[in-house]
There are 2 protein chains.
Amino acid sequence: MGLATVEQLIEERNEHYLQRLFALLKQESISTMNKGVRECAELLKQVMEECGISSRLIETAGHPVVYGEWIKEENDFTVLIYGHYDVQPPDPIEEWESPPFEPTIRDGRIYCRGVGDNKGQLMAQVLAIKTMLDCYGELPVNVKLVFEGEEENGSPHLAAFVEEHKELLACDLVYTSDGPMHASGIPSVELGVRGILGVELVAHGAKWDHHSGNMGNIAPNPAWMLIDLLKTMRDEKGRVLIEGFYDHIRQPTDYELGLFRKLPFDREELIKQIGYPEFEADAETFYRQLSLEPTFNICGFHSGYGGEGSKTIIPARASVKMDIRLVVDQDPADIFQKFCAHVKKHAPDIEVLHQGEMKPSRTPADLEIISVIVQAVADAYTVEPLLVPGVGGSLPDYVWTQILGVPSVMVPYANADEANHAPNENMSVALFFKGISCTCHVLHRLGEFSQK
Amino acid sequence: MGLATVEQLIEERNEHYLQRLFALLKQESISTMNKGVRECAELLKQVMEECGISSRLIETAGHPVVYGEWIKEENDFTVLIYGHYDVQPPDPIEEWESPPFEPTIRDGRIYCRGVGDNKGQLMAQVLAIKTMLDCYGELPVNVKLVFEGEEENGSPHLAAFVEEHKELLACDLVYTSDGPMHASGIPSVELGVRGILGVELVAHGAKWDHHSGNMGNIAPNPAWMLIDLLKTMRDEKGRVLIEGFYDHIRQPTDYELGLFRKLPFDREELIKQIGYPEFEADAETFYRQLSLEPTFNICGFHSGYGGEGSKTIIPARASVKMDIRLVVDQDPADIFQKFCAHVKKHAPDIEVLHQGEMKPSRTPADLEIISVIVQAVADAYTVEPLLVPGVGGSLPDYVWTQILGVPSVMVPYANADEANHAPNENMSVALFFKGISCTCHVLHRLGEFSQK
């Protein structure tokens, strides 16, 4: 496959590349709390420059994008690599076995907030470019890199950024490494994502907390108000009762279902991963629910006292945060409107806050360029990758497929049990290096493809 | 009324008595968090000794009782004064206008956690005894004082303490000052309390939090489990659906309803107090719901992320803390059994934790001793007090009426808007001194009564 020199160089530089990654990991960059984000952007730009990529910060209405490029006039193919340098909050901190922002290696894994999601995968891309440049002095295709700082906050300004810089970002393919690999450990090439709508419902009772004895039955209880509303929104089986919620859902094609049926499925292994022994779904149900059906998830419900012991109050306020994953062709704006109409009908005093949204996306699986990527991944991992029409998570993939109008593929580099968004987030050391190698193979195969 | 010297002495000592109170207020004593409780008990014992009361700590299986007495062989009437030196947690701390454990006077009120509930009222009793002793060298009746340190935690060991020390505690009447005065500012003599049952429901989903995209529709959501259960327990009108919940409730007598109808009722003033402009009940509904009907209150509901912004997870755990106020003759043990049976039937995997209980209590309103107390309170406040068959809150009154088998009266000394259990808890400076005076009048009238 002609990349022996590249593979050897990666191996020689293992320790050095890990240190590059660790420097980035140590820099907090919690976008939802605005902690250390710009500092991290500056650091990433510097790292990219050191790797031979011409880089700069591009301001948005939110956190800056770190943009980099390596361009040679003669190349007639351009790949745009997308990733994000922001991370989730680390809480509950007490459940971490090592501090969340001190990268620590245990049992062949790097533990740190953001290592899998997404700094380890992003650095694999950057270090692949450095490796290729150090080996060959140039790249076989043009590369543009867009690393945003708001992905964990729903990428609220990415679409505007892409709109504004269409010319700068012009390319033939978008390539993303984010999210976990398939549980089987087999690499995958993923072609679609669910969208998301984030909402918060806030119920207000009296103006302040009351003693539950002195005001019990008199002051209204906002926690009960929310429960009374929520029970009108979803039945016990999880079906959403908001009118029109399921309209516009594109049913899976036979081809897509066929691809799903080819995916490996090991229920026992899944149970271990999920930490839920009662899990019972079969393969098709699992993949279908996970990627082709919407969710109606409560990610937080808070009201009143939650500390040790008890505190007999009637809370003044209750709030529930929800994230609703959407599938093509549900439109977050349309669903939000229906959600609000439902609240207005059943509990008009409850506030609805919009907490961000993202459209779902899908790239056709039968394009020739997809088979090139599949081949490159097969080269890197020496195993045929899974071709997956859609995954459960949300990435702003629609900005490429809809705004730039180009195909978009996702090849995750992190282990399935990376614990992204949870305590003890981690990434396998071996998979980090495999990710560097994979990007090299992708650039190489795209080079061959563009010279045909 | 013959207590002019006493009233004068109280006035002369205003500043000095406030300082005595402040010393006690500064000492944290959060029973549910075990913060500073024993230190407060020791301090209180010392203060009582300085006031001429023979005092000691009596250990219980929980926090100690501070017991004091002033006994003269010749006296043939004994009143037992009950109160508590523990306080509620101060959170949410950010809503306090001055630090919760630094007593601060603003606009004629002392602001401090525990000032109304119950340290200010308790110190009024102690300082009344000091005043009477300094005036007359003796008291007209024997006095025993029981100040416990676990009232805010549901008085879990008070019943055992009373059982064990029946002889030591032998008395003719129990007198308690706790809770707020009537909203009209007219003093009241209260004869009953609601009971309470504290429960916590804990639902478990997967073993750890999951990314809501990567596991949405797969990992179970414990917040939804709780909501699905809670909606089977109570309808939208607040009626409890647990089988047998309303059995054994003693309906109000005509005499009790008559007493309620005599109570003042000012809806506009109540709305201000409650901080809930939509409040619409009439007088009878209000008093009846507040003191003769049970509640089904959620005092805390917590699951998942509650900080700034959003965090797209499926929480691993959800918990709801409830306090259920009970009325005679509901029995907390019976209600708990029915609650558990309901959970077992509808959601057997959800854990039920018992968080303490207390029986309801009522003292007959037609006893002669009640009229003595009514007269003493009228002397102190120069207005006829309200006679109230029952109040909304819970105090361990049943330990006196059922275990000691004596009448029990409650005369609250704190202002109606004391904000007990809430931020900016306060007590009117004038009412603090009025409380001292009231206890003096009570002791005086009881002395007269006992010499008849």
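Cut-offs applied
- Residues numbered from 1 in each chain as written.
- Chains lettered and ligands numbered in written order.
- Predicted model: local features only at pLDDT ≥ 70, side-chain atom pairs only at ≥ 80, totals over all residues.
- Heavy atoms only, no water.
- Buried < 20%, exposed > 50% of the residue type's maximum accessible area, 1.4 Å probe, protein only.
- Helix = DSSP H or I, 4+ residues; strand = E, 2+ residues; numbered from the N terminus.
- Pairing = 2+ DSSP bridges.
- Domains from an automatic or database assignment.
- Contact = heavy atoms within 4.5 Å.
- Buried area = accessible area lost by both parts, 1.4 Å probe.
- Polar contact = N/O pair within 3.5 Å; in protein donor to acceptor, adjacent residues only side chain to side chain.
- Nonpolar A, V, L, I, M, F, W, Y, C, P; charged D, E, K, R; others polar.
- Salt bridge = Lys/Arg side-chain N within 4 Å of Asp/Glu carboxyl O.
- Axes fitted to C-alpha atoms, helices over the stretch in contact; angles between N-to-C directions.

Participant: Please explain the pairing of strand β12 (residues 297–304) of chain A as it appears in this structure.
Facilitator: Remark: a regular strand shows side chains that alternate across the two faces of the sheet. Buried residues dominate β12 of chain A, accounting for six of its eight residues. One ladder, built from six bridges, connects β12 of chain A with strand β14 (residues 317–326) of chain A; its direction is antiparallel. Residue pairing for β14 of chain A: G300 of chain A is matched across the bridge by K321 of chain A. Note that β12 of chain A and strand β12 (residues 297–304) of chain B share five bridges and pair antiparallel. From the neighbouring strand, G300 of chain A faces β12 of chain B, where its bridge partner is G304 of chain B.

Participant: What exactly am I supposed to notice about the domain arrangement of chain A here?
Facilitator: As a measure of interface size, the accessible area lost when the parts come together is often cited. Residue and element names in this part refer to chain A. Under the domain assignment used here, chain A contains domain 1 (4–193 + 360–451) and domain 2 (195–249 + 293–358). Taken together, the contacts link twelve residues of domain 1 with ten residues of domain 2. Both faces considered, domain 1 and domain 2 share a buried interface measuring about 800 Å² in area, 64% of it formed by carbon and sulfur atoms. Three residues stand out in domain 1 for area buried against domain 2, namely P360, R362 and S394, and they jointly supply 61% of the buried area on that side. Where domain 1 touches domain 2, the interface holds two residue pairs in polar contact (both at pLDDT 80 or more). In terms of residue class, the side of domain 1 that touches domain 2 is made up of five nonpolar, six polar and one charged.

Participant: Mind showing me how you'd approach the interface of chain B and chain A here?
Facilitator: Taken residue by residue, the interface counts 77 residues in chain B and 76 residues in chain A. Between chain B and chain A, a total of about 6,900 Å² is buried, with carbon and sulfur atoms accounting for 54% of that surface. When residues of chain B are sorted by the area they lose upon contact with chain A, I218, W224 and K311 of chain B head the list and together hold 11% of the total. Counting the contacts that link chain B with chain A gives six salt bridges. Put simply, D91 of chain B and K311 of chain A hold a salt bridge, and the shortest N to O gap is 3.9 Å. When residues of the side of chain B that touches chain A are traced back to their parent elements, those giving at least two are β11 (210–211), α6 (222–230), α8 (267–274), α9 (283–291), β12, β13 (313–314) and β14 (317–326) of chain B. If you tally residues by element for the side of chain B that touches chain A, the top one is β12 of chain B, at eight residues. In terms of residue class, the side of chain B that touches chain A is made up of 32 nonpolar, 30 polar and 15 charged.

Participant: Looking at this structure, I do not really get the sheet that holds strand β4 (residues 104–106) of chain A. What am I missing?
Facilitator: Each strand in a sheet pairs with its neighbour through backbone hydrogen bonds, running either in the same direction (parallel) or in the opposite one (antiparallel). All names here are of chain A. Spatial ordering of the open sheet is given by β4-β5-β19, a layout of three strands whose pairing is antiparallel. Here the strands that pair on one side only, and so sit at the sheet edges, are β4 and β19 (426–428). Strand-to-strand twist of the sheet, defined as the mean angle between neighbouring strand axes without regard to direction, takes the value 30°. When strand β5 (residues 109–111) meets β19, the two strands line up antiparallel, connected through three bridges. Following the sheet pairing, R109 is matched in β19 by S428. Sitting on the sheet, helix α4 (residues 115–136) touches β5 and β19, and the angle it makes with β19 is about 45°.

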